[in-house]
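Close look at the chain arrangement
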Amino acid sequence: MTLPDTDSAERRRPLVVAIDGPAASGKSSTAKWVASELGFRHVDSGALYRAATAAALRAEPDPRRWTEDGVLAAAAIVTLVPGERSFEARLEGAPAEEELRGSAVTSAVSLVAKMPRVRAWVNDRVRAAAEGHAVVVDGRDMGTAVFPKARVKIFLVADPWERAKRRLLQRFERLPTEAEIAEETDALVRRDAKDEAQTQRASEAVLIDTTYLTQREQVERIVALARSVMR
Ligand code: DC
C-alpha cells in the first residue's frame, strides 16, 4: 500500500497565503493588495465573525441574551459571495459593510468569536472559499487552525500606538491628536486582550513587524515570499 504524499498533494492544490495578526495590524488591507498583485482572491475571516455578530444583533439586540445556538441560527442569513478578487460577506443577500464595521458589531464580536461552533462555522466557509482557487486569507488563526498546511504563513505585528494612529488616520482622514491616539491605543490593547486566546502565531510563520514599514513594503515582502514558493 502506498500512503498519499500529502506534501506533494499540498503543492498541487491552489496556493493559500495565510496572514494573521492582532487588530489593526493592517492584515485586511495588506491581504487585499497581495491578492490583487498575485491574481488570487482575498478572504477576510474577520468579516464572517462580524457578519454572524451583525445577524445576531438583528435577531436580538441584547448580547447578554445570546446563546451559541441563537447566534448560529441568526447566522443563517449570512452568505459569502465571490467577486473577481475577493469574497463579500452579505446579510440577507445584501451588502452590509457599514453595519459590519460599526461600533455595535465591533464591541460584541469578541463574544461571538469565542463560541467554538461559530468558529467551526466560519472555518468551513473560509475553507470552502479556498477550494479550487488560490487565496490570501486573513484573520487570527488562518495559519494554525484553519490552514495548518498553508505554504505561506505570515504573522503581522506593529506597535499599538502606530496601529492606533493608522486606524484613526483612516477613520478621520486627518492627522489624529496625541490624546486621540492615546485613547485609541487603550481601546486596541483592550481588544487585543479579549482576542488573545484566538490569536495564534504558527511557529513557522514569518513575523513581519510593520511599525516602520510602509504598506507597499509589507506587500512586496509577502508577494516575494509567495512567488518563491510558486516557482
Ligand atoms: O479582524 P477583525 O477586527 O475584523 O476581527 C473581528 C473579530 O473576529 C475580532 O474579535 C477577532 C475575531 N477573529 C477571530 O477570532 N478569528 C479570526 N480568524 C478572525 C477574526
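Up top is the structure.
The model shown is predicted, which means the values in this text are computed figures rather than measured ones.

**Here we look at the nonpolar core**
- Counting 40 residues, the largest nonpolar core has V78, L91, V126, V137 and F147 as the members making the most contacts within it.
- Secondary structure elements with two or more residues in this core: strand 1 (16-20), helix 3 (45-59), helix 4 (68-74), strand 4 (87-91), helix 6 (103-113), helix 7 (116-129), strand 6 (135-139) and helix 8 (142-146).
- It is helix 3 that provides the largest number of residues to this core, a total of 9 residues.
- Those residues in contact with L91 that sit more than four places away from it in its chain are A51, A54, A55, R58, I77, V78, A96, E99 and L100.
- Core analysis: the second largest hydrophobic core is formed by 19 residues, I19, A134, V152 and I154 among them.

**Some remarks on the site of the ligand**
- Around the ligand, 17 residues are found, and the nearest of them are R50, R119, D141, R191 and D195.
- R140 is positioned with one of its side-chain polar atoms (N or O) 2.9 Å from an oxygen atom of the ligand.
- Contact between the ligand and R191: an oxygen atom at 2.8 Å from a side-chain N or O atom of the residue.
- Out of a free accessible area of 450 Å², the ligand has 96% covered by protein chains.
- Residue assignment for the shell around the ligand shows that the elements contributing at least two residues are helix 3, helix 6 and helix 10 (178-195).
- Residue contributions to the shell around the ligand peak at 4 residues, all from helix 3.
- Looking at side-chain class alone, the shell around the ligand contains 4 nonpolar, 5 polar and 8 charged residues.

**A few points about the sheet that holds strand 2 (residues 41-44)**
- Spatial ordering of the open sheet is given by 2-6-1-7-8, a layout of 5 strands whose pairing is parallel. Each edge of the sheet is formed by a strand with only one pairing partner; in this case those strands are strand 2 and strand 8 (206-209). Direction aside, neighbouring strands of the sheet carry axes that sit 20° apart on average.
- As defined by bridge partners, strand 1 adjoins strand 6 across 5 bridges and the pair is classed as parallel. By the bridge assignment, D20 is partnered in strand 6 with G139.
- Strand contacts of helix 3: strand 2 and strand 6, with the helix running at about 45° to strand 2, the strand carrying the most contacts.

**Comments concerning helix 10**
- In a regular helix each residue adds 1.5 Å, so 18 residues correspond to 26 Å; helix 10 covers 25 Å between its end C-alpha atoms and thus fits that length.
- Residues I181, E184, T185, L188, R191 and D195 constitute the buried set of helix 10. The arc that holds the buried residues of helix 10, viewed along the axis, is 130°, so those residues lie on one side. Turned more than 90 degrees from where helix 10 packs its buried face, A179, E183 and R190 sit exposed.
- Residues of helix 10 that are buried in the fold lie against helix 3, helix 6 and helix 9 (160-172).

**Section: the packing of helix 3 against helix 6**
- As a packed pair, helix 3 and helix 6 sit with axes 8 Å apart at the nearest point and diverge in direction by 105°. One way to sum up the angle between helix 3 and helix 6 is to call them roughly perpendicular. Each of Y49, R50, A52, T53, A54 and L57 in helix 3 lies in contact with helix 6, whose residues at this interface are A104, V105, T106, A108, V109, V112 and A113.
- Classifying every residue of the contact of helix 3 with helix 6 gives 10 nonpolar, 2 polar and 1 charged.

**Here's the deal with the packing of helix 9 against helix 10**
- Packing of helix 9 against helix 10 leaves a shortest axis separation of 8 Å and a crossing angle of 115°. The angle between helix 9 and helix 10 places the two elements in the roughly perpendicular class. Of the two elements, helix 9 crosses helix 10, and the hand of that crossing is right-handed. Each of P160, W161, R163, A164, K165, R167, L168, R171 and F172 in helix 9 lies in contact with helix 10, whose residues at this interface are E178, E180, I181, A182, E184, T185, L188, V189, R191 and D192.
- Grouping the constituent residues of the contact of helix 9 with helix 10 by class yields 9 nonpolar, 1 polar and 9 charged.

Analysis parameters
- Residues numbered from 1 in each chain as written.
- Predicted model: local features only at pLDDT ≥ 70, side-chain atom pairs only at ≥ 80, totals over all residues.
- Heavy atoms only, no water.
- Core = buried A, V, L, I, M, F, W, Y, C linked by side-chain atoms within 4.5 Å.
- Buried < 20%, exposed > 50% of the residue type's maximum accessible area, 1.4 Å probe, protein only.
- Helix = DSSP H or I, 4+ residues; strand = E, 2+ residues; numbered from the N terminus.
- Contact = heavy atoms within 4.5 Å.
- Near = heavy atom within 4 Å.
- Polar contact = N/O pair within 3.5 Å; in protein donor to acceptor, adjacent residues only side chain to side chain.
- Areas by Shrake-Rupley, 256 points an atom, 1.4 Å probe, with all protein chains shown as cover.
- Nonpolar A, V, L, I, M, F, W, Y, C, P; charged D, E, K, R; others polar.
- Pairing = 2+ DSSP bridges.
- Axes fitted to C-alpha atoms, helices over the stretch in contact; angles between N-to-C directions.
- Expected span 1.5 Å × (residues − 1).
- Arc of directions from axis to C-beta.
- Parallel < 35°, antiparallel > 145°, perpendicular 65-115°, else oblique.
- Left-handed = near helix turned anticlockwise from the far one by under 90°.

Distances and angles like these do not, on their own, reveal function.
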